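Per-entry structural report
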Amino acid sequence: MNVKTVLTAAVFLFSLVCLIADDVFECEFKPGRWNKSDFICVKSSRWHNINSFKQEADHIVNSCPADATKEEMLSKRCGETYAAMIYKFPLKGEHEVQAEMSFDYRMAPSIVIAAKPGADKNGYPEFRTHYEIVLYDGGINVWRHWFQNGKQVWKKMAFVKAKFSANRKYEMEVDVDFPLIGSPRMTVSVGEYKCSFRDDMIPREFYAGIIASEGVNRFYDFEISK
């Protein structure tokens, strides 16, 4: 094999690696294994507070009020537990999003699939149309959030009844695809449990990320692939 052939093969291989890398993002939420600059922190229009994630030894966890009971964090103080961030680049076409997660007490770590965020009155990124794919002790819920007459509303799009335990790691996978015929489709799986639905409001260009709310939620990794 001559030098020209070797160089041509090397350039092709490098281009292929770059192409694959462009289509994939993955990180472990361990110190030094992820970069906050890869993500955009986003708030909910339902609450004024802006929350964040704390770094722990092998995961990140949402900051929660130390003086709140577990029951209060599920109800009147749930807004104080809400933290969210999305991968900073939009995604087009079919993608698979995965995250390993766990929760305390009852709920509710989520993968989020979102249209381009808007901003609150102070210019802070704020969700508009988005889907929360929620893990909790009673199963999986998929909620579509959108706006009507300037107010955020929501609807349960799909669900699975199952028993998930606190303080145990679960891998959630969300597949977003756009069939040639019919509405966009989202398929969700956690282990043996799976649900799927179609919805015209699933954005063809979207952002993917994680949400923690209604208690202590931990995330161990996050991955996006074609």
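Residues numbered from 1 in each chain as written. Predicted model: local features only at pLDDT ≥ 70, side-chain atom pairs only at ≥ 80, totals over all residues. Heavy atoms only, no water.

1. Details of the nonpolar core
Judged by nonpolar contacts, the single largest core of 45 residues is most densely connected at Phe29, Ile113, Ile133 and Phe222. Those residues within four positions of Ile113 in sequence are excluded, and the remaining contacts are Val97, His130, Tyr131, Ile133, Val174, Val176, Met186, Phe206, Tyr207 and Ala208. Val42, Ala84, Tyr207 and Ile211 belong to the second-largest nonpolar core, a separate cluster that totals nine residues. (Core = buried A, V, L, I, M, F, W, Y, C linked by side-chain atoms within 4.5 Å. Buried < 20%, exposed > 50% of the residue type's maximum accessible area, 1.4 Å probe, protein only. Contact = heavy atoms within 4.5 Å.)

2. Observations regarding the packing of aromatic side chains
A ring pair, where both rings are aromatic, is described by two values, the distance of the centres and the angle of the planes. Going through the model one piece at a time under the given rule, you end up with 13 aromatic pairs. Geometrically, the ring pair formed by Phe25 and Phe39 is edge-to-face, given 5.6 Å between the ring centres and 75° between the ring planes. In this pair, Phe25 is assigned in strand β1 (residues 25–28) and Phe39 in strand β2 (residues 39–41), connecting sequence segments 14 residues apart. Classification of Phe25 by relative accessible area gives buried; the value is 11%. (Phe/Tyr/Trp six-rings, centres within 6.5 Å; stacked < 30°, edge-to-face > 60°. Helix = DSSP H or I, 4+ residues; strand = E, 2+ residues; numbered from the N terminus.)

3. With respect to the confidence of the model for the chain
With 90% of its residues at a pLDDT of 70 or more, the chain shows a mean pLDDT of 91. When the criterion is pLDDT under 50, residues 3–21 qualifies, and its contacts beyond four places in sequence or with other chains add up to one contact. (pLDDT = per-residue confidence, 0-100.)

4. Considering the side chain of Asp177
Mapped onto the secondary structure, Asp177 falls in strand β14 (residues 170–177). Within polar-contact distance, the side chain of Asp177 engages the side chain of Arg185 at 2.8 Å. Leaving out residues up to four positions away in the same chain, Asp177 has contacts with Glu94, Pro184 and Arg185. (Polar contact = N/O pair within 3.5 Å; in protein donor to acceptor, adjacent residues only side chain to side chain.)

5. Quick word on unusual backbone geometry
Residue Ala108 follows Met107 across a cis peptide bond; omega there is 0°. On the secondary structure map, Ala108 appears in strand β8 (residues 107–114). For Tyr105, which is not glycine, the phi torsion reads 65° and is therefore positive. Its identity is not glycine, yet Asn149 carries a phi of approximately 55°, on the positive side.

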